[in-house]
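A closer look at the structure
For reference, the chains in residue letters:
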Amino acid sequence: MQDTWIERAISRGFARVTAGPFAPYQTAVIRIGFAATWLLFLLREWPNRHELYGPDGAWSLDMARRLLGNNGAFSVLVWSDGRGWFELVYVLAMVSSALLLVGWRTRTMSVLFMIGVLSLQNRSIFLGDGGDNVIHLMSMYLVLTRCGRVWSLDARRERKAAAAGAGDVPGRDVTGVVLWAVLGLVLALAQLLGLYGLGWSADGPFPHVGWGLALWVLWLAHGVWWWVRRYAPGEPRTVLNTIADLVHNGALLVIMVEVCLIYATAGWYKIQGSRWQDGTAVFYPMHLDYFSPWPELSHVLAGSGLMIMLITYGTVIVQVAFPFTVFNRRLKNVLLVAMILEHLSIAFLLGLPFFSLAMVAADAVFLPTNFLRWLGARATALRERLLPGGGARPAAEGSPAAPEAGQAPAGGPGSRTPESGGGHTLVG
């Protein structure tokens with residue numbers, strides 16, 4: 001019996017989404033962007049950390065526990081109100097951000113990065129400028145992506161192993177085994193002590209799925225992944241790779257939809273406001289001292305009625321139109337540049353750098369693959385010029401000469417490439 005066109009289309013689509021992870025360069029930029037944004041924020045707020053998230057804050061421990069009990073959110077900071085525990089969590093949040101930034105043990109660091117973001121943000125919920133909500137969501141999505149395949153220490157380690165003739169079977173990886181075992185012992189100890197928020201069936205990341213169960217599933221998944229990669233390289237490994245690619249591609253789709261929803265809702269809400277309708281909305285924040293790091297420049301811009309009108313209407317048009325242009329590559333790229341410039345101007349003119357950095361990092365999911373490869377090649381050339389003894393870098397990462405295995409849907413995030421990195425280690 002001959003297959004119908006629907007069955008053939010479904011078969012081609014399934015083969016496409018399981019052939020490999022989409023957009024390795026885009027997910028690497030997202031990883032780097034959000035890790036850098038969160039790390040810079042934590043460093044800037046280091047002198048104020050106790051008042052913002054620590055025991056000296058206005059939001060007491062009891063209030064935080066009551067809120068988390070109602071909304072199913074998670075934070076390790078509610079386990080204790082001690083100053084030492086807070087300092088440890090804050091420092092570990094910075095360390096995990098830095099290690100995720102450089103791509104060391106990316107799988108594990110993405111989980112620890114998520115725990116750090118959730119712990120601090122859920123401890124004091126009234127802090128933030130909008131960018132914190134984006135980081136909050138993206139920290140959970142990154143756990144599901146294979147974001148260390150390029151531009152990471154994991155990828156570099158894999159290339160070195162391949163160059164040394166190690167083949168496709170991972171080595172012993174003592175560091176990964178020890179790190180995996182230590183984290184498992186920490187989680188088990190926390191559960192045995194009955195620490196707050198580690199239930200099995202209480203509402204957590206999903207209804208009736210507690211955070212304790214979710215963290216154990218992630219821990220076991222890392223162990224199973226390493227064992228199969230090392231000791232079962234046949235069909236079990238193929239199945240796991242297919243599942244990992246499906247999860248990665250699904251998470252990437254969610255990120256893309258999330259970014260489109262952010263701009264669509266922001267644009268349509270602006271349309272309903274009278275100040276946005278008459279073209280004067282941008283005028284008012286430029287006259288607020290709190291949002292005027294450069295008062296003279298703000299006054300110059302605010303003094304031009306034409307400039308205010310163009311910025312106001314241009315902002316609305318770009319935000320409303322962008323979700324409808326993602327399948328038109330040229331138009332999408334033009335609006336993408338406009339939105340990135342808009343966020344950079346917000347960072348400079350209104351003094352909201354971390355909100356802008358978070359949004360630019362989210363926008364990176366739509367950047368063209370060829371541009372990112374060109375950017376990687378330029379960064380490699382600059383590094384070799386500054387550090388001539390570092391040696392040349394293979395074309396498989398960041399070079400325009402790197403082969404392209406396939407192309408994402410028109411207007412999508414980019415192509416998928418055969419580079420590997422970070423997939424062979426236990427907690428990489």
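Above: the structure in question.
Let us look at the structure shown here. Predicted model only: the values in this text are computed from it and were never measured.

**So, empty space enclosed by the protein**
This structure, assessed with the given rule, holds 1 cavity of 30 Å³ or more. Taken as a whole, the largest cavity spans an internal volume of roughly 50 Å³. Tallied by class, residues from the lining of the largest cavity come to 5 nonpolar, 3 polar and 2 charged.

**Focus on the environment of Arg 44**
Within the element layout of this structure, Arg 44 appears in helix 2 (residues 24–44). Note on Arg 44: relative accessible area 44%, which makes it partly exposed. Among residues more than four places away in sequence, those in contact with Arg 44 are Pro 353 and Phe 354. A polar side-chain atom of Arg 44 sits 2.6 Å from a polar atom in the side chain of Glu 45.

**Digging into the environment of Val 177**
Relative to the assigned elements, Val 177 resides in helix 9 (residues 174–192). A relative accessible area of 32% places Val 177 in the partly exposed class. Between the C-alpha atoms of Val 177 and Gly 223, which are 46 residues apart in sequence, the distance is 8.6 Å.

**Let's talk about the pattern of salt bridges**
Tallied over the entire structure, the rule returns 9 salt bridges. As a salt-bridge pair, Glu 45 and Arg 44 come within 2.6 Å of each other at their nearest N and O atoms. We note a salt bridge from Asp 62 to Arg 66, for which the minimum N-O separation is 3.9 Å. In this pair, Asp 62 and Arg 66 are both assigned in helix 4 (residues 61–71), 4 residues apart and thus about one turn of the helix distant. Residue Asp 62 is classed as partly exposed on the basis of its relative accessible area, which comes to 48%. Note on Arg 66: relative accessible area 58%, which makes it exposed.

**Quick look at the nonpolar core**
One finds Phe 34, Trp 38, Leu 120, Phe 322 and Phe 366 to be the most contacted residues of the largest nonpolar core, which totals 81 residues. Counting residues per element, this core draws most heavily on helix 2, at 10 residues. One finds Val 282, Met 286, Ile 308 and Leu 349 within the second-largest nonpolar core, a separate group that totals 5 residues.

**What about the packing of aromatic side chains?**
In this structure the tally under the stated criterion is 18 aromatic pairs. Centre to centre, the rings of Tyr 263 and Phe 322 are 5.9 Å apart; their planes meet at 65 degrees, and the pair counts as edge-to-face. Taken together, the residues span a long stretch of sequence, with Tyr 263 in helix 11 (residues 235–272) and Phe 322 in the loop between helix 14 (305–321) and helix 15 (329–349) at a distance of 59 residues. Under the relative-accessibility criterion, Tyr 263 is labelled buried at 2%.

**Describing the layout of surface pockets**
Counted as a void, the largest pocket has a volume near 990 Å³. Lining the largest pocket are 45 residues, and of these Met 140, Val 143, Leu 144, Leu 218 and Val 247 lie nearest its centre. When residues of the lining of the largest pocket are traced back to their parent elements, those giving at least two are helix 6 (106–123), helix 7 (131–142), helix 10 (211–231) and helix 11. The greatest single-element share of the lining of the largest pocket, amounting to 10 residues, is contributed by helix 10. Here the lining of the largest pocket is composed, by residue class, of 27 nonpolar, 14 polar and 4 charged.

**Here we look at a nonpolar patch on the surface**
Taken together, the side chains of Leu 306, Met 309, Leu 310, Tyr 313 and Ile 317 make up a nonpolar region of the molecular surface, amounting to roughly 470 Å² of accessible area. Residue placement: Leu 306 occurs in helix 14.

**Observations concerning unusual backbone geometry**
A positive phi is found at Ala 23, a non-glycine position, where the angle reads about 50 degrees. Its location among the elements puts Ala 23 in the loop between helix 1 (5–18) and helix 2. By relative accessible area, which is 0% here, Ala 23 ends up buried. Residue Arg 105 is not a glycine yet carries a positive backbone phi of 50 degrees. With respect to the helices and strands, the residue Arg 105 is situated in the loop between helix 5 (83–102) and helix 6.

**A short note on the environment of Ser 152**
Take Ser 152: it is sitting in the loop between helix 7 and helix 8 (153–163). Classification of Ser 152 as buried rests on a relative accessible area of 7%. Once the C-alpha coordinates of Ser 152 and Leu 101 are considered, the two residues, 51 residues apart in sequence, prove to be 8.1 Å apart. Looking at Ser 152, its side chain comes within polar contact range of the main-chain oxygen of Gly 148, at 2.5 Å.

Definitions and cut-offs
- Residues numbered from 1 in each chain as written.
- Predicted model: local features only at pLDDT ≥ 70, side-chain atom pairs only at ≥ 80, totals over all residues.
- Heavy atoms only, no water.
- 1 Å grid on protein atoms, 1.4 Å probe; cavity = no way out; pocket = protein on both sides within 12 Å on 5 of 7 lines; lining within 4 Å.
- Points joined across faces, edges and corners; volume = space filled by probe spheres on them.
- Nonpolar A, V, L, I, M, F, W, Y, C, P; charged D, E, K, R; others polar.
- Helix = DSSP H or I, 4+ residues; strand = E, 2+ residues; numbered from the N terminus.
- Buried < 20%, exposed > 50% of the residue type's maximum accessible area, 1.4 Å probe, protein only.
- Contact = heavy atoms within 4.5 Å.
- Polar contact = N/O pair within 3.5 Å; in protein donor to acceptor, adjacent residues only side chain to side chain.
- Salt bridge = Lys/Arg side-chain N within 4 Å of Asp/Glu carboxyl O.
- Core = buried A, V, L, I, M, F, W, Y, C linked by side-chain atoms within 4.5 Å.
- Phe/Tyr/Trp six-rings, centres within 6.5 Å; stacked < 30°, edge-to-face > 60°.
- Patch = residues over 30% accessible without salt bridge, like charges linked within 9 Å, V, L, I, M, F, W, Y side chains within 5 Å.
- Areas by Shrake-Rupley, 256 points an atom, 1.4 Å probe, with all protein chains shown as cover.

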